[in-house]
Each structure stands twice: as C-alpha cells, then as structure tokens.
Amino acid sequence: MDTRSLKLFISLCDTLHFGRASEACHISPSALTRAIKQLEGSLGVQLFERDNRTVNLTREGERFQEYAREALTQWDVVRNSLLADAQELQGEISVYCSVTASYSFLYDILSEFRRQHPKIEIKLHTGDPENAIQRVLAGTDDITIAARPDTLNAGLAFKHIATSPLVFIAPHEDIHLDPLLTGTPDWSVVPMILSEEGVSRKRIDRWFKARQAKPMIYAQVAGNEAIVSMVSLGFGVGVVPKIVLDNSPLADRVRILNIEPELKAYDVGLFALRKKLQSPLIAAFWSQIK
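Everything in this summary refers to the structure shown in the same document.

Points about the overall build of the chain
The secondary structure content of the chain amounts to 10 helices and 12 strands. With respect to the principal axes defined by its C-alpha atoms, the chain has extents near 65 × 50 × 30 Å. For the chain, the proportion of its 290 residues judged to be buried stands at 48%. Partitioning the contacts of the chain with sequence separation of at least 6, the portion at a separation of at least 24 is 73%. Counting only carbon and sulfur atoms, one obtains 50% of the accessible surface of the chain, whose full area is about 15500 Å². The distance from the centre of the 33 positive side-chain charges to the centre of the 35 negative ones in the chain is 3 Å.

Describing the pattern of salt bridges
In total, this model carries 12 salt bridges according to the counting rule given. The salt bridge involving Glu-40 is made with Arg-50; its shortest N-O contact spans 3.1 Å. Placement of the pair is Glu-40 in helix 3 (residues 29–43) and Arg-50 in strand 1 (residues 48–50), with a sequence separation of 10 residues. You can call Glu-40 buried: its relative accessible area is 10%. Ionic pairing is found between Asp-150 and Arg-203, a salt bridge with its closest N-O pair at 2.9 Å. Taken together, the residues Asp-150 in the loop between strand 5 (143–147) and strand 6 (156–164) and Arg-203 in helix 7 (residues 199–210) connect sequence positions 53 residues apart.

Details of the nonpolar core
Ile-93, Phe-168, Met-192 and Phe-285 are the most contacted members of the largest nonpolar core, which has 59 residues in total. Here the element with the most residues in this core is helix 5 (residues 99–116); it accounts for six residues. Sequence-distant contacts of Ile-93, defined by excluding residues within four places in its chain, comprise Phe-113, Ile-120, Glu-121, Ile-122, Lys-123, Asp-142, Ile-143, Leu-281, Ile-282 and Phe-285. If you look at the next biggest cluster of nonpolar residues, it comprises 23 residues, including Ala-31, Leu-47, Phe-48 and Val-55.

Focus: the packing of aromatic side chains
A full pass over the atoms with the stated rule returns 11 aromatic pairs. Taken together, a centroid distance of 5.7 Å and an interplanar angle of 70 degrees make the contact between Trp-187 and Phe-208 edge-to-face. Of the two residues, Trp-187 is situated in the loop between strand 7 (166–171) and strand 8 (191–195) and Phe-208 in helix 7; the sequence distance between them amounts to 21 residues. Look at Trp-187 and you get buried, because its relative accessible area is 7%. An aromatic cluster is built from Phe-9, Phe-48, Phe-64 and Tyr-67, whose rings are joined through pairwise contacts. Across the ring face of Trp-207, the terminal group of Arg-211 is positioned such that the distance to the ring centre comes to 4.6 Å.

Looking at the environment of Lys-123
By the element assignment, Lys-123 lies in strand 4 (residues 120–126). Residue classification places Lys-123 among the partly exposed positions, given a relative accessible area of 36%. Each C-alpha atom, one on Lys-123 and one on Asp-142, is 9.8 Å from the other, the two residues being 19 residues apart in sequence. Sequence-distant contacts of Lys-123, that is, excluding residues within four places in its chain, are made with Glu-92, Ile-93, Ser-94 and Val-95.

Quick word on the environment of Glu-262
For Glu-262, the position within the fold is in the loop between strand 11 (254–256) and strand 12 (266–273). Between the alpha carbons of Glu-262 and Phe-113 there is a distance of 36 Å; along the sequence they are 149 residues apart.

The rules behind these values
Residues numbered from 1 in each chain as written. Predicted model: local features only at pLDDT ≥ 70, side-chain atom pairs only at ≥ 80, totals over all residues. Heavy atoms only, no water. Helix = DSSP H or I, 4+ residues; strand = E, 2+ residues; numbered from the N terminus. Buried < 20%, exposed > 50% of the residue type's maximum accessible area, 1.4 Å probe, protein only. Contact = heavy atoms within 4.5 Å. Areas by Shrake-Rupley, 256 points an atom, 1.4 Å probe, with all protein chains shown as cover. Lys, Arg positive; Asp, Glu negative; His and termini not counted. Charge placed at Lys NZ, Arg CZ, Asp CG, Glu CD. Salt bridge = Lys/Arg side-chain N within 4 Å of Asp/Glu carboxyl O. Core = buried A, V, L, I, M, F, W, Y, C linked by side-chain atoms within 4.5 Å. Phe/Tyr/Trp six-rings, centres within 6.5 Å; stacked < 30°, edge-to-face > 60°. Lys NZ or Arg CZ within 6 Å of the ring centre and 35° of its normal.

In structure tokens:
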C-alpha cells in the first residue's frame, strides 16, 4: 500500500509552506507540487489555496486532512496487527537525525538491531536537528534523535541516550576577538553566531535576558556544524552542544570558553509518537536503548 501521497499532504498541512514541507520530506518543491496536484486531480477538488506568499487549506482540504490522518493511523494499526503474528519482523522504519547524531549514537544502536532483526529496513534521513521533532509529529519519520525541549508534546514518547553540555566556543587565537573576551565579556560588542531556532537558541536567549544583556548577533544559521565552521574561521563566538564539537573535524581550531553560569545541558534521546510504540518494529528499535 502506498501512503506516500497522504504523508506529503499531511506534511504540507502542518507547515503550510512548500519549501519547508519539501525539505522535511526530502523531495524538491516541484515534486511536492506535482504530488499535491495529482492528489487534487484524483479527488476532483482543490485542497489548498496558494499564491506567491501564502498557502492555506480549503474547506475541502480541512475535511480531507481528517481522513488522511485517520487513514495513516489505521494503516499503522492494521500493519502492526499483521506484524505481531509474523515469526520474524520485517518492514521498514524511517529514522531522522543530524549528521553528528548519526556518528555518535546510530552505529551502536543499529549494529545490534540489524543483528537481531535483519529483515527490518532502516531508512535514514539526516538534516537540521531543529526539524527532528516536527518530522515525527507530522508522521514523516517514525523515530528521531534530538535534544529534549523544555516542554514536551503530550503525544511524544522520549527515551534518554546521553547528556551533552551546551558550550560557548571561540577560535583559538584571534587578535580582534581575544581582547573582547578578557575578563567578563561585554556581549553587546562580541559578535555571536547562533542557531536560527530550536533548543539551543531558546536557552541562550534566556541566558542573555537573565543578564539583561543584548548580544551583537553576527549570524543566525541552521545546523550546529555550520556554527563550528564559522567560529573556526574567526567570525565570532558560537554556542553548540559539546557532542557536536567532539565529532567535528574542526575541533582543534576552536576552544571552549569558561563562561559562568553554564547553560543548561542537552538531554539527547529518541523521540517517537506514543501511539507508534504499539508497532512491533518501532518497539523493537526502542528497546535497543537500555
């Protein structure tokens, strides 16, 4: 059974943005547009109202969204009941994580998992960790590895893997930055390279606010690896999880600053929809984390 078109439709419903939805689904915006047009053609109705700036669900789109979500849920229920009777688990699991997480955690998890369940296919997608939880909520991926947010959606299950400090980093030596970092830094003159959004951005924003400091933001980027790269080139001071630095080929070109008080550490783990843990496949993967 092909549920791809329904998953693409739901992703667009959740983002109301062809660019973000296509990125989350790892297809081009033009391919997503064609898929939605084909779906509208088969239904004989328009599901979205769209122009150059906005995308909105039509009344028919809202009704079909209810059906699509229910259909995907029921498909999982039927598939899971069939799998429960199988002598050997087989099928596929979609996993999403950052490149750093794939280096740090997936090898150990998948090595044992593939030995125990050789007929389960793993579809691995990598990208910006800030998209991870949304992809699970949208049903684009079954499981993700990410940092636990301060507030967790009630429909999500979380299993802890590791803790990683959130650290300030600067280039090893820089004649322009070093004087600004002597003693207690004046953050209004220190160029900062920060994540555009996500857990680390929220925590650093709260950190500055608590100190009544207004940072000079030089750049806002997607992906912690890009922050390490820009810092190593001397563009400014960054904030990244230490686990990213530990796995970076540029680690020897930056230094960790001793900034007090420390930022709240990352609680890294697996995320999945609670209802999906009823799947024997998802449950088998979940059980790899002791």
